[in-house]
Each structure stands twice: as structure tokens, then as C-alpha cells.
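# Coordinate analysis (summary)
This is what each chain is made of:
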Amino acid sequence: MTRRFVSVWLSRWPTDQWRRRNKVAPLSGPLALTLAGQGGIRLHAVDGLASADGLRPGMLLADARALCPALTAMQADPAADQAALSRLALWAQRYTPQAATDGPDGLILDITGCAHLCAGEEGLLADLGSRLTRAGLTHHLGLGDGAAAAWGWARHRPASAGPLLPTGTRAWPALLSLPLAALRLDLGLQGDLARVGLRSVGDVQRQPRAGLVARYGTGPVRRLDRMLGITAEPVAPQAATPQWQVRRAFAEPIATREAIEGTVLSLLRDLSARLEAAGRGARRLVLTCFRTDASSQDLPIGTARPLRDPPSLLKLFRERFDQVDPGFGIEMIELTATGTDLFTGEQAGLAVGGGDAFALSGLLDRLVNRLGEDHVGRPVPRDTHRPEQVMELAGEMEGGDFHSLTLPSLTAWAPPSPTVVGEGLEFRPSPALREGEGQNSPPAKPWPKPQPQRPAPSRPRTWRMEGTRPLLLLHPPEPVQMGQGLVWRGRHLSVDWMEGPERIRPDWWRARTGPTRDYYRAQLSDGRRFWLFRTADERGAWYLHGLCA
């Protein structure tokens, strides 16, 4: 598959972003952003109106005011512009997960295999361009086989040309006609090449490579190969900064358990304060220790309920501190809440002996973090006839989620959750409080038509069905041979008596996954009792399924 890249050039990004932050209309007059430079205050960026008046970045502010008396000059903020560009790169991941910033005023998107989601490459460019236009951002787009080709085409293509380049060598004539600046070379190197008559990409391509490398180095040749797609140019996608993260760097590396524990407690307090301000609690936490040898070690923990109590969370981390290997010292510790949830206060039980949900939650937290999620679960019954399937762990059913180990909250209503939309927050109401579903409105009619409920079973749902069950089940059942005695695991065992059969059929409401079984209880000569079954089919195979007392 041919790789395809989209380059987004935001030619007026600093001024457009300043207008967005200050809610100033684009046609309110010429605008320039300034920074302190050599010889005085110089222009850092100009908008379209200022550019039409002959202003360029790098000019002294005094000269700019002489050319354009109506100029509005404001202080530039490059750090804020770069942070906003990073947020825009994360927004651009709606089109592809491989989106990243490209310099101080551009984005690069690797749309390989993603264009069909937007009705093709033309549809993707049209949707991207319309959204940027509505946001008030001056932009130029270019799409090609490589990141360098897309970059050069977006910034230096002819005014009459479209943003879409053909694939393969069919794009070479258009790329070779671009000016020398499309190769993205240093200004000094561009001037050296221009002085010898090389003013376009095609001029560089027609020169002998050996002489070009000997005189100007490998820069022009390497840039040319990237533009023509001969060599690949990797794109590192923009990664979102975790929202709930705190860290602590040390002037001198630490290596003792007391120092690590004190630092973790301090980080937990800082994180808990931020979670409390947002009304949330931690469900998943990862403690990362960065060592002086450039390696790191992660210590993850989880909680059954949203929690933000530093001493309680520290107890869970103490279970893992024995796994920390400081090596030659730890130079930084980072704490990240990878999973959070709404934190709602609940009343603890007041009756003595009535049970305490908080104590049970704490016990589950310690067991799960010590033994692992796959080894702790809440047993729940299932409607099935198969003895090995009548009970399973809630943790196994729901992918090891800690929610499955605790009872649901007593409150049925949940507060609305904030959803990020554009630059602000939009609160979406909970399903119970949507339009037409208030407290005084009649309940909505369910669909499809509800079926009559079946009467409750007269006996409790349990895995003890008709006959006596063994204390230990073998899963899966192990094959045995029956004849004069019982052969199990290569050993011949004599049988004194057998009792049965008890027939257990497959679940009639599900697809039949196995034959009917006839179960027997057998006692050996040494007193042991086995629970055996024979398949009621043409094979008639015997299996040992359980061990009795």
C-alpha cells in the first residue's frame, strides 16, 4: 500500500491564534505580533492585512509603523502558540491516529488506510479545510506520497494547482518544478545553491550526485530523495499529556525505601487535591520510577471503588515496594492516574455486624493488588446444566474489572459528565433527565413489547442440582478407561461399587455443544470416591470429573 501524507500549513498561525484567544474579528485592521530582538522590538508575525501593506516578519516595529500607521502591535506568545498547535494535532487525530506537529506553524498527517473513512482523499481534504476555515485559521493543504513532498507542495505549489498530488512517479514533474525552498534546506545552503544557478528542485535533481555531495554535503541529496519518495520519512504521532499526572525530580538520586515512600505519599496528596477539585477518584494508578541508568520501572495498582485517600492508596503501593529495584538511584518518580471515576460519598453502615462495604472494598484492593486481577473474583451462578459452568467469577466475566467485585451504588442518578467540545465544555444530561423524561413525566414505553415474566424458581439458584456433588471438580474432565477396573493417568484402580446413573443433558435453550452425560459415583478399594460420567453417544467415552470426600 502506498503511503499518503497530508501537510497542513497554517501560514498565519500566531496572528490567527491571537485573534481566537482575544475574540477579535479578522477584518478589524492590520495586526502584527512583536518580540524583542537585535536592535529593538521586531515583528514576529503579521496577518494578511499587514502583509498587504508591505510588512514582513523581522522588521523593526518603528519601520513597520512608518509604513502602516494603523498597525495594531501586540506581544507575541510563542509558547502558547506551540501548546495550541499541539492541541490542534490531537484534534486532527479524528482523521488518522498518525498526526503530529510539523514545525511552529504546521501539521503532518499520515492518512495511509484512513481516507476511505471520509469518502476518499478529496473528501478528507474538503472536510479538513472546511473545519479549519470555520475556526478562522488561514491554511494551505498538500497531499502526497511522502511527508516532504506534502510539505513542499502545501507551501510552494502554484496558485492554480490543487492540493492533491498523484501517486508514484507521476508526481515528479510537479515536484521538480517547485522552487528550491521546497526542499526545506537551511537558508545559508539555499543561498549557496542559488548563487551557482540552482533555483528549483529540478535543477538539483539534474546535477551529478557525486559532485553535489562533495561540494554541499548530503543535505540536498537526502532532502531530494525524501521529496521524491525514494527514502521514507517517519512521523511521530502527537501524544496526549495525561490529565492526572504528578512527578517529583530529585537533585540527588534516592535509593532507600523511606525516601521512596515519603515521595509517593507527597505525590498522592498532590494528586488527591486535584482529583477532589474535579470531584473524581482514582481507579487505576501507575507509579513510574526513573533510574539514573536511563531505565524505568512501573508499579500499577487498582481500586474497587473510586478512591483519593492518600494513606489508603499508600497501603496498596506498599505491597509493591519490595519489587522496586533502585539500581544506582532513582532520579525522578512519576504518578499517573490512568483511570478515574466520579467520586460520590456514601454512608457507612452503623449497625454492628451489619457489614461494611468500605472494609470489603479495602480487602478486595489488597487481595487483587497482591495476587493479581486474574486470581480474585466474586462467584456468581449461571443458568446452565453443565456442572463445570454453573459458577464463574465476576472478574473473569467482565475482563477483570474491579467494578464487578463490588455492589452497585445505591443512587440511581448520576450527575452529568462534562464533554469537551471545541474550546469549552458541554454538559450532557444523564439518561434519566433528558427532555421529556423528568420526574413528573410518565415513563417511556419500552421496545420491543415486554414479555410476561416467568415465575421465580421454588429453589435458590445454586450449583447443587439433583444428586450429590463432589468437593473438587476437574476442569477439563480427564479421560479414563473402564473395564475390569478404572485406568486413570496410567494407573489401574480397582472399583468396589458404582452408583447411578444421573443424566445431565445439554442446555436446551442454547446450541448443543456436547453430548448428554450419564454420571456415576464410584468407590475404590482404598476408600476414595470418584465422580465419573459416560457420554451418551456412539463413542461412549468415560471421563473423571470430580473427587469426593
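Residue positions are given per chain, counting from 1 as you read along its sequence in written order. Restriction of local features to residues with pLDDT of at least 70 applies here, the model being predicted, together with a cutoff of 80 or more for giving and counting side-chain atom pairs; totals for whole chains, interfaces and linings are based on all residues. Side-chain descriptors were evaluated using all non-hydrogen atoms of the structure, hydrogens and water having been removed beforehand.

Here the focus is the overall build of the protein chain. Strands here are runs of E lasting at least two residues and helices are runs of H or I lasting at least four, both read from the DSSP assignment and numbered beginning at the N terminus. Of the regular secondary structure elements, the protein chain holds 15 helices and 22 strands. Exposure is judged per residue with a 1.4 Å probe applied to protein chains only, and the accessible area is read against the type maximum: over 50% gives exposed, under 20% gives buried, and values in between give partly exposed. Going through the 549 residues of the protein chain one by one, you find that 37% of them count as buried. Note on areas: Shrake-Rupley, 1.4 Å probe, and residue coverage restricted to the protein chains presented here. In the form shown here, the protein chain has an accessible surface area of approximately 32000 Å², with 55% of it arising from carbon and sulfur atoms.

Here, strands pair whenever DSSP counts at least two bridges between them. Reading across the sheet, the 4 strands line up as β5-β6-β1-β7 and stay open at both edges, with antiparallel pairing between neighbours. Of all the strands in the sheet, the pair left with one neighbour each is β5 (98-101) and β7 (140-144). Strand-to-strand, the axes of this sheet are offset by a mean angle of 15°, without reference to chain direction. In this structure, strand β1 (residues 5-9) lies alongside β7, joined through 5 bridges in antiparallel fashion. Bridging across to β7, Phe5 finds its partner in Gly144. Axes here refer to lines fitted to C-alpha atoms; in helices the fit is confined to the stretch in contact. Angles between the N-to-C directions go from 0 to 180 degrees.

Here we come to the packing of aromatic side chains. The pairing test for Phe, Tyr and Trp rings, Trp by its six-membered ring, is centres within 6.5 Å, and the orientation test on the planes gives stacked under 30 degrees, edge-to-face over 60, and tilted for anything in between. Within this structure, the stated rule accounts for 6 aromatic pairs. Among the aromatic side chains, those forming a connected cluster through ring pairs are Tyr519, Trp531, Phe533 and Tyr543. For a Lys NZ or an Arg CZ to count as sitting over a ring, it must be within 6 Å of the ring centre and within 35 degrees of the ring normal. The ring of Tyr95 carries the charged tip of Arg94 above its face, separated from the ring centre by 5.8 Å. We note Arg517 situated over the ring of Phe533; from NZ or CZ to the ring centre the distance is 4.5 Å.

Time to look at the pattern of salt bridges. One side-chain nitrogen of Lys or Arg within 4 Å of one carboxyl oxygen of Asp or Glu is enough to make a salt bridge. For the structure on display, the rule yields 24 salt bridges. Of the charged contacts in the structure, one is a salt bridge between Arg503 and Asp518, with a shortest N-O distance of 2.8 Å. In this pair, Arg503 is assigned in strand β19 (residues 495-504) and Asp518 in strand β20 (residues 517-524), connecting sequence segments 15 residues apart. Residue class for Arg503 comes out partly exposed when judged on its relative accessible area of 45%. Here Asp518 falls in the buried class, since its relative accessible area comes to 12%. A single network of salt bridges, built from pairs that share partners, joins Arg4, Glu121 and Asp145.

So, on to the environment of His44. Mapping His44 onto the fold places it in strand β3 (residues 40-46). Judged by relative accessible area, His44 falls into the partly exposed class, the value being 31%. Measuring from C-alpha to C-alpha, the distance between His44 and Leu33 comes to 5.4 Å, with 11 residues separating the pair along the chain. Leaving out residues up to four positions away in the same chain, His44 has contacts with Leu33, Thr34, Leu35, Pro57, Ala76 and Pro78. Two residues qualify as a contact provided that any one of their heavy atoms is within 4.5 Å of a heavy atom in the partner residue.

Quick look at the nonpolar core now. With 26 residues, the main nonpolar core has Leu285, Phe317, Phe321 and Leu335 as its most contacted residues. Secondary structure elements with two or more residues in this core: β8 (245-254), α12 (257-278), β9 (280-291), β10 (296-307), α13 (310-318) and β11 (330-342). The greatest single-element share of this core, amounting to 7 residues, is contributed by α12. Excluding anything up to four places from it in sequence, Leu285 contacts Leu268, Leu271, Leu299, Pro300, Ile301, Leu313, Phe317, Leu335, Thr336, Ala337 and Thr338. Among the nonpolar cores identified, the runner-up in size contains 22 residues, and Ala182, Leu193, Val201 and Val204 belong to it. Take the buried residues of types Ala, Val, Leu, Ile, Met, Phe, Trp, Tyr and Cys, join any two whose side-chain atoms come within 4.5 Å, and each joined set is a nonpolar core.

For every residue, the predictor reports its confidence as pLDDT, a number between 0 and 100. Looking at the protein chain as a whole, its pLDDT mean stands at 82, while 83% of the residues score no less than 70. Confidence scores differ between elements of the protein chain, with strand β15 (residues 424-428) showing the lowest mean pLDDT of 35 and β1 the highest of 95.

Here we take up a nonpolar patch on the surface. Residues forming no salt bridge and having over 30% relative accessible area are the ones grouped into patches, like charges within 9 Å of each other and nonpolar side chains (Val, Leu, Ile, Met, Phe, Trp, Tyr) within 5 Å. A cluster of nonpolar side chains, namely Leu363, Leu367 and Leu371, defines an oily patch on the protein surface of about 240 Å² accessible area. Its location among the elements puts Leu371 in helix α14 (residues 357-371). For Leu371, a relative accessible area of 48% corresponds to the partly exposed category.

Moving on, we get to the pairing of β20. Of all 8 residues in β20, 7 are buried; the element is thus mostly enclosed. With 7 bridges joining them, β19 and β20 adopt antiparallel strand pairing. The residue bridging Glu502 from the neighbouring strand is Tyr519, located in β20. Taken together, the 7 bridges between β20 and strand β21 (residues 529-535) define a ladder with antiparallel strand orientation.

Moving on, we come to helix α6 (residues 147-156). The buried count for α6 comes to 9 of 10 residues, which makes it a mostly enclosed element. Within α6, the full set of buried residues consists of Ala147, Ala148, Ala149, Ala150, Trp151, Gly152, Trp153, Ala154 and Arg155. For α6, the secondary structure elements touched by its buried residues are β1, β6 (106-110), β7, α7 (172-176) and α11 (219-227).

Here the focus is unusual backbone geometry. Residue Pro476 is reached from His475 by a cis peptide bond, and omega for that bond is 5°. With respect to the helices and strands, Pro476 occurs in strand β16 (residues 472-482). Backbone torsion omega between Gly500 and Pro501 reads 5°, so that peptide bond is classified as cis. Its location among the elements puts Pro501 in strand β19. At Lys23, a position not held by glycine, the phi torsion is positive, near 55°.

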